[in-house]
Every structure is written in structure tokens, then in C-alpha cells.
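What the coordinates show
Next come the chains, spelled out residue by residue.
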Amino acid sequence: MTVDSSAARKPRRSAAGKAGTTGTKRTTRTTPQSTDLELVQLLTPEGKRVKNAEYDAYVAGITPDELRGLYRDMVLTRRFDAEATALQRQGELGLWASLLGQEAAQIGSGRATREDDYVFPTYREHGVAWCRGVDPSNLLGMFRGVNNGGWDPNSNNFHLYTIVIGSQTLHATGYAMGVAKDGADSAVIAYFGDGASSQGDVAEAFTFSAVYNAPVVFFCQNNQWAISEPTEKQSRVPLYQRAQGFGFPGVRVDGNDVLACLAVTKWALERARNGEGPTLVEAYTYRMGAHTTSDDPTRYRGDEERLAWEAKDPILRLRRFLEASHHADEGFFAELEAESEALGRRVREAVRAMPDPDHFAIFENVYADGHALVDEERAQFAAYQASFADEGGH
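Our subject in this report is the structure included herewith.

Thresholds, definitions, all that
Residues numbered from 1 in each chain as written. Predicted model: local features only at pLDDT ≥ 70, side-chain atom pairs only at ≥ 80, totals over all residues. Heavy atoms only, no water. Phe/Tyr/Trp six-rings, centres within 6.5 Å; stacked < 30°, edge-to-face > 60°. Helix = DSSP H or I, 4+ residues; strand = E, 2+ residues; numbered from the N terminus. Buried < 20%, exposed > 50% of the residue type's maximum accessible area, 1.4 Å probe, protein only. Polar contact = N/O pair within 3.5 Å; in protein donor to acceptor, adjacent residues only side chain to side chain. Contact = heavy atoms within 4.5 Å. Pairing = 2+ DSSP bridges. Right-handed = clockwise from strand over helix to strand, strands pointing away.

1. So, the packing of aromatic side chains
Applying the stated criterion to the full structure yields 29 aromatic pairs. Measuring from centroid to centroid gives 6.1 Å for Tyr 71 and Phe 332, while their planes differ by 50 degrees, and the two rings are tilted. Of this pair, Tyr 71 sits in helix H1 (residues 64-89) while Phe 332 sits in helix H11 (residues 330-352), placing them 261 residues apart in sequence. No difference in accessibility class separates Tyr 71 from Phe 332, as the two residues are buried. Relative to Phe 246, the ring of Phe 206 lies with its centre 5.2 Å away and its plane at 80 degrees, an arrangement referred to as edge-to-face. With Phe 206 in helix H7 (residues 200-211) and Phe 246 in the loop between strand S7 (229-230) and strand S8 (250-254), the pair connects residues that are 40 residues apart, well separated along the chain.

2. Quick word on the side chain of Thr 113
With respect to the secondary-structure elements, Thr 113 resides in the loop between helix H2 (103-112) and strand S3 (118-120). Of the polar contacts made by the side chain of Thr 113, one reaches the backbone oxygen of Gly 110; its length is 2.7 Å. Side chain to side chain, Thr 113 and Arg 132 meet in a polar contact 2.8 Å long. Here Thr 113 is in contact with Val 119, Arg 132, Ile 189 and Leu 269, once residues within four sequence places are set aside.

3. Quick look at the pairing of strand S5 (residues 216-222)
Walk down a regular strand and you will see the side chains alternate between the two sheet faces. Counting buried residues in S5 gives seven out of seven residues, a clear majority hidden from the surface. Side-chain alternation along S5 places Val 216, Phe 218, Cys 220 and Asn 222 on one buried face and Val 217, Phe 219 and Gln 221 on a second face that is also buried. Direction of pairing for strand S4 (residues 188-193) relative to S5: parallel, over a ladder of six bridges. Within S5, the residue paired with Val 188 across the bridge is Val 216. For the segment spanning S4, H7 and S5, crossover handedness is right-handed. Across six bridges, S5 lies against strand S9 (residues 279-284) in parallel orientation. Within S9, the residue paired with Gln 221 across the bridge is Ala 283.

Printed below as a string of C-alpha cells:
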């Protein structure tokens, strides 16, 4: 079964309808993009299972234990994310990009991958990292400023976080082209947001992947806000339809439905492994919090929009299904709550125990050989550091 998505492009307002020239401006939106679009959904917001002739087969064999596992993944990912946000607010991290509200899109798609698949994330794929076996505390080193990544990408086939918007889609396409030349049957998946879909790198990745029939899935988490810019100001068509112009299929899935995200991503990865080329998956979801901890979403969007999406919470949706299906009891939820609190404590302790980097490491590897200007800057920095010891008397 498919259900209509609430996505109609906002009509242009007249000058009289614009926000005033004083005070904080916020965007009051109608439902973005078109109301007649189909959205792949297997679990309703009320937690009811609905049939879908095309995608049911990809989750037909899922067991109660696996369903509980998906729920556990989302709960622990959200707990880790909340701890990281708190750590930034307390000065332990320089910045944090929260995934709050996007857990189903990440866990569903992440659990669809095989061990030999390769993942190219942005900087918000904490749930996908969890699925790939990356220790959560390793995600925080870069945001604390103590390393340039925190994990070996080849250990989990999970690339380092990419801050440059959209560039990872090109990396993924090139890697996928190499996979095809090697004759492997693995696939590649690249994550990006709705804002990145406007980048030239993404368009180039679409072109190359289509022409070379690369085994890559482009997974766009459309959380509807590229910082303060709504999606309807970036595209006149729904994002998944952009794939048509490049010659490969696109599909829009309910990004708050973990089962639907799992099924659709399995289908897309299977296409890639079978030599059928790229797919664009648009996970239609919502960013419940700020873009990053340096952002204030109350300046550009209203509370009524957030409240409407809280009713579609991905974790609550699956919990309702588990309870109604008698696949989980209160003992399971209580045990998981204790596990999530333990994870929060462990992450906090790990961050505070991270050693500071060598202050002079920034000057290394700038050039292959020595450089007079770098030597001069290193000497100036050394003198600056020494001044603190002189002034403090120790």
C-alpha cells in the first residue's frame, strides 16, 4: 500500500503577505511539494502494518527479535545523540549535528547494507555508523577537535564523515565504478541531505553513475530544511523525481518508517548488486532539532510544524507496533532504558578521557618537504605557547 505524502510546493506570496521587516522572521509553510505523490509506507504513525505489493517481500521474513533489534538501534542512537548534544552545550564538544527525528531513515537503510557494502556518510549519519559497528565515542573525536576522523574507514567499510556538502556522492560514485571494474557483487551507498541535492557535485555524481551504470544507491534524507532554507525553495519537483532526468529510478519512502526504509533500501542495493545501476531514494522525514548546535531553528520555522511531526515519531511508531503485536513487553523496554543510560555514561566518560592532540601537529604534513613560511609560523606559535608558562610562573 502507498499513501499520499503531504508535499505540495508552497505558492509564492505577495509582498503584502511577507513577514514584517522588524523582529525575527519565520517561515509559515503550507505542505511542501505535491499532494498527489505516492510515499512508500509499511507502518503508519499509529503503528499499524499496511501492505505493499512491491516491497513487502523485502521484510517478509523479519522476526520479532529483528524488530526488537531495530527498535533498540533507534533508542540507543537517539540516546547517544542526546548525550552528544549535552556534551556540546557543556563545552566538551565544539559542535554537534543532531539526527533527532531521522533515526528510522538511518537505522532502516543502515541495516539493509551487507558487510561488504561500502558507506559514504555526511556528518549526521550517527545511526548508520552504529549499524556499521563504529563505536559511538569514535564519532566525537573530530567534534572535540582531537583528531581528523576517529576510525579506520576500511575496518567497517564506513568512510570518515564528510563536512564538504555533497562531495561524498562523487567519492561514492568513483568507488562504485571501481567495485564494478573489480567484478565484485557488493554495492555502495551515499548519504546526503535535501540541501546537498542542489550542489553541482551531486549532479555530477548522478551523471557519472548513470553513464557508467555504477552500483550505487543515493540515499537522500529530506529533513525539509537545509539549515534555514525549506526544500520548496530549492526544487520545483520532489527530489526523488530528479533521478528521471539522469536515467535511473527514484523512489520516495516514509523516512519515519523504519520498515519501509529497510525494504526500499534493500531493493535499491539489490538492483545495484545485480548490475542494474544507481537508484535515488528520498527518505521523507523531518529534522526535529537544530541543523547543528550553532543553529536556532525558532528563527525560521514555527512550533506547529514541529509538533505535527512529533506525532509521526519513528521510535514511538515502532513501539506501538511491537506492543500491539505482543512482540515486546515492559521488561524489554525497561531493560533497554537501562542500557541506553549506560551508553550515555560510557560516551561521556570516553569523551572526557580523550587526550589532547599535539599542539604542533597542525604544522606537519602541510607540504611534502619543508617550507620556510611554515617554519616561521611554527616558531611564532611555539613562542606564543611558551608565553603562557612564563606569565604563569610554571
